[in-house]
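# A structural walkthrough
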Amino acid sequence: MSMNSVIEIENLTKKFDGLVAVNHITLEVMEGEIFGFLGPNGAGKTTAVKMLCTILNPTAGSAKVCGYDIVRQRDKVRECIGIVFQDRAIDTFLTGKENLDFHARMYHLDRKTRQKRIVEMLDLMDLTGKENMRISDCSGGTQRRFEVARGFLNHPKVLFLDEPTLGLDVQARRNLWDYINLLNEQEGITIILTTHYMEEADYLCHRVAIIDQGHIVAMDTPEKLKRAVGLNLISLQLAQDSSGSLIDSLKQLSWIKKIEARDGSFEISIDGGEERIPEFIDFADNRGLVISSIKLYKPSLEDTFLHYTGKTIREEEGSLKELWKAWMRRSEGKR
Amino acid sequence: MRAIEVHRIIDPLPIYTMWLREMKRFLRVRARVVGSLLMPLFFLAFLGLPMSLMPARQIPGLEDIGYLNFLAPGIVGMTLLFAGIMSGASVIWDKEFGFLKEVLVAPVNRFSVILGRSLGGMTTAIIQALIIVGIAVAMGVKLSSVSGFFLTIIIMILTCAAFTGLGLIIATKLSNLEGFMALMNLLVFPIFFLSGALFPIQSMPSWLRYVMYINPLTYGIDGLRGTLVGVATFPLWLDFAVLIILCVALATLGSYFFSKMEAA
């Protein structure tokens, strides 16, 4: 293989008395990839990332980040990663620039590099002009961008983003996605992110691991994951009723897999995507049929999640929240 | 298998960075600066001045100096106690607001982190204490000598370091703010009231005197009183000895607990 792996995980496991949060996960992440852990709250994705960031020690199994063992070479790992935590971890009394400067010094960057990198990151994340505002006066989206800028300040090889857009409004979320993409493209950095937003995983990630109750249930590109669930669907309505002739002639086409007629409208399973629509219209034209509406449905990652776990991500969240609460009660009782 | 790699224990840049952050935070929150000076000011103005008008000639320990002179070092000691414990315990705030994680995952030895942080807290505490000395002098307190004043600063550093260590121990063992507040009231006020800050040890019944003897702040305040206004209960070497031992023990224990703290 020509690509180098940046992260190698083998049978990584974490137990919190009785509860197995991460259950023997094994995977590899390649250099330059945006890799996503997708799953509901409590599925174990944050725990997995925390172990990779050396915040938690694994119960069993091992992992290497940038070639360094996450337990035995903790400080080496810390030097080559950047982290954006799920909860805010930025000093709100200081300005954005002071926070960046603090981080750069803690990572032993010399004065010249510090100044250069801070200007670069402010520019890249579009924060120039806001750097002297106190963090407590910045909007949630801006605070988050400062955190991403900070995580990337020390030139990490891998950037961990734990639920980067949690609590942001739609626009701020879109914005942040673009910045994350930019980081990945311009600086060639490997990005590991966790999310429970389908769109986020779909939009950003080159590969996604669907994680449920500590297990990885599926792992592939978003495209392939979606395709595995089922074929794309064309929904169609004709101007005049001539269903019989259409169905017969459609059956000649090799990429049409299944046709269902429902009083005047058709649902047609196809092998392929948008490129089939013009073909389809041509085909109907040649037979003198007028299409009044046509629409292409693709399975979403939501369907994929449903397919692999038997639950939608929202149902899952509800029940896991209950589980989590019960667990918290138990552990509090013990204290 | 290789042992866990450890960074330099004394790492100057991060130490300075942590110190700088404490200073910036202190100067930025004006309300906190003013607030931290108000209570000692009230004690001096509303307790010290009126009490100094009362006849105190008969009370052992107060015969020669008058109450305001007696009280001033006690209030300086109180400032160091509160500011020191707060400096150590403010780790809880960092934990609560998430900033601690950012610090703990940096490739820096934990001892350097806590050393820089504590030095910052101590600097602000000693600045406050010096301001109180200034206020006291303005109210008419007479300082004994210039050389004594330099010894005062050394005692301030020792007292402050000891209580910063104590605050740190509390912070690493407690996980929430509520528990901290309760413990503050339970611990800090008895330490303050039973330290000889407000009344002379000699005039107390013997059982209470023994309680005051085991209170570390007693020696800090006695040392401050000896060096600042020239009246003391114990010999100065004893104050120094107790403070140094205490300071080393509490600071070591505090930084040890901090280094074992989980980042998550």
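Residues numbered from 1 in each chain as written. Chains lettered and ligands numbered in written order. Predicted model: local features only at pLDDT ≥ 70, side-chain atom pairs only at ≥ 80, totals over all residues.

## Remarks on the overall build of chain A
Note the threshold: Note on conventions: DSSP H or I runs of at least 4 residues are helices, E runs of at least 2 residues are strands, and numbering of each starts at the N terminus. Working definition of burial: number of other C-beta atoms within 10 Å of the residue's own, with buried at 20 or more, exposed at 12 or fewer, and partly exposed in between, all C-beta atoms being placed from the backbone.
The helix and strand tally for chain A stands at twelve helices and 14 strands. When each of the 335 residues of chain A is scored for burial, the buried share is 39%.

## A few points about the sheet that holds strand 4 (residues 60-65) of chain A
Pairing between sheet strands relies on hydrogen bonds along the backbone, with the strands arranged either parallel or antiparallel. Residue and element names in this part refer to chain A. The following threshold applies: Strands are labelled as partners when DSSP assigns at least two bridges between them.
In spatial order, the strands read 2-1-4-5; together these four strands make up an open sheet with antiparallel pairing. Where the open sheet ends on each side, the last strands, each with one partner, are strand 2 (19-30) and strand 5 (68-69). Pairing of strand 4 with strand 5 involves two bridges; the strand directions are antiparallel. Bridged to Lys 64 within strand 5 is Asp 69.

## Brief notes about unusual backbone geometry
All names here are of chain A. Of note in the backbone geometry, His 108 takes a positive phi value of approximately 60° without being a glycine. Secondary-structure assignment places His 108 in the loop between helix 3 (96-106) and helix 4 (111-124). Unusually for a residue other than glycine, Glu 163 sits at a positive phi of about 50°. Within the secondary structure, Glu 163 sits in the loop between strand 7 (158-162) and helix 6 (170-187).

## Considering the packing of helix 3 of chain A against helix 1 (residues 12-28) of chain B
The condition that has to hold: Interaxial angle, 0 to 180 degrees, is taken between N-to-C directions of lines fitted to C-alpha atoms, where a helix line uses only the stretch in contact. For this classification, under 35 degrees means roughly parallel, over 145 means roughly antiparallel, 65 to 115 means roughly perpendicular, and everything else is oblique. For any pair of crossing helices, the crossing counts as left-handed if the nearer helix is rotated counterclockwise from the farther one by less than a right angle, and right-handed if it is rotated clockwise. Once C-beta atoms are placed from the backbone, any two residues with those atoms within 7 Å are in contact. Basically, the charged four are Asp, Glu, Lys and Arg, the nonpolar ten are Ala, Val, Leu, Ile, Met, Phe, Trp, Tyr, Cys and Pro, and anything else, Gly included, counts as polar.
In the contact formed by helix 3 of chain A and helix 1 of chain B, the axes pass within 8 Å of each other and the chain directions differ by 155°. In terms of axis orientation, helix 3 of chain A runs roughly antiparallel to helix 1 of chain B. By crossing handedness, the relation of helix 3 of chain A to helix 1 of chain B is classed as left-handed. On helix 1 of chain B, the residues touching Glu 98, Phe 102, Arg 105 and Met 106 of chain A of helix 3 of chain A are Leu 13, Pro 14, Thr 17, Arg 21 and Lys 24 of chain B. Class assignment for the residues of the contact of helix 3 of chain A with helix 1 of chain B results in four nonpolar, one polar and four charged.

## Side note on the domain arrangement of chain A
The accessible area lost on association of the parts is a frequent measure of interface size. We apply this condition: Note that the domain bounds were set by an automatic or database domain assignment.
Looking at chain A, the domain boundaries give domain 1 (5-226) and domain 2 (231-297). For domain 1 of chain A and domain 2 of chain A, the distance between their C-alpha centres works out to 45 Å.

## Re the nonpolar core
Most often, soluble globular proteins keep nonpolar side chains buried together rather than apart. Applied cut-off: Each nonpolar core reported here comprises buried Ala, Val, Leu, Ile, Met, Phe, Trp, Tyr and Cys residues connected via C-beta atoms within 7 Å.
Of all hydrophobic cores here, the largest spans 139 residues; its most connected members are Leu 52, Val 65, Ala 149 and Phe 160 of chain A together with Ala 72, Leu 80 and Ala 162 of chain B. Here the element with the most residues in this core is helix 3 (residues 67-89) of chain B; it accounts for 15 residues. Ignoring any residue separated from it by four or fewer positions in sequence, one finds Ala 72 of chain B in contact with Leu 44, Gly 48, Ala 136, Val 141 and Val 229 of chain B. Within the second largest apolar cluster, six residues are counted, among which are Leu 236, Ile 268, Ile 270 and Phe 280 of chain A.

## So, helix 6 of chain A
Each turn of an α-helix holds 3.6 residues, which means side chains three or four residues apart point in the same direction. All names here are of chain A. The cut-off we apply is this: One less than the residue count of a helix, multiplied by 1.5 Å, gives the span that helix is expected to have. The arc in question is formed by the directions pointing from the helix axis toward the C-beta atoms.
Its 18 residues give helix 6 an end-to-end C-alpha distance of 26 Å, which sits within 8% of 26 Å, the value for a rise of 1.5 Å per residue. Of the positions making up helix 6, those classed as buried are Leu 176, Ile 180 and Leu 183. In an axial view of helix 6, the angular spread of the buried residues amounts to 55°, which keeps them on one side of the axis. The exposed residues of helix 6 that point more than 90 degrees off its buried face are Val 170, Gln 171, Asp 178, Glu 185 and Gln 186. Those residues of helix 6 hidden inside the fold are in contact with helix 5 (140-151), strand 7, strand 8 (190-195) and helix 7 (198-204). Just downstream of helix 6 lies Gly 188, where phi reads positive at about 65°.

## Topic: helix 10 (residues 216-228) of chain B
Residue and element names in this part refer to chain B. Between its first and last C-alpha, helix 10 extends 19 Å over 13 residues, near the 18 Å set by a 1.5 Å rise per residue. In terms of burial, helix 10 is largely enclosed, as 13 of its 13 residues are buried. Looking at the residues trailing helix 10, positive phi occurs at Gly 230, about 80°.

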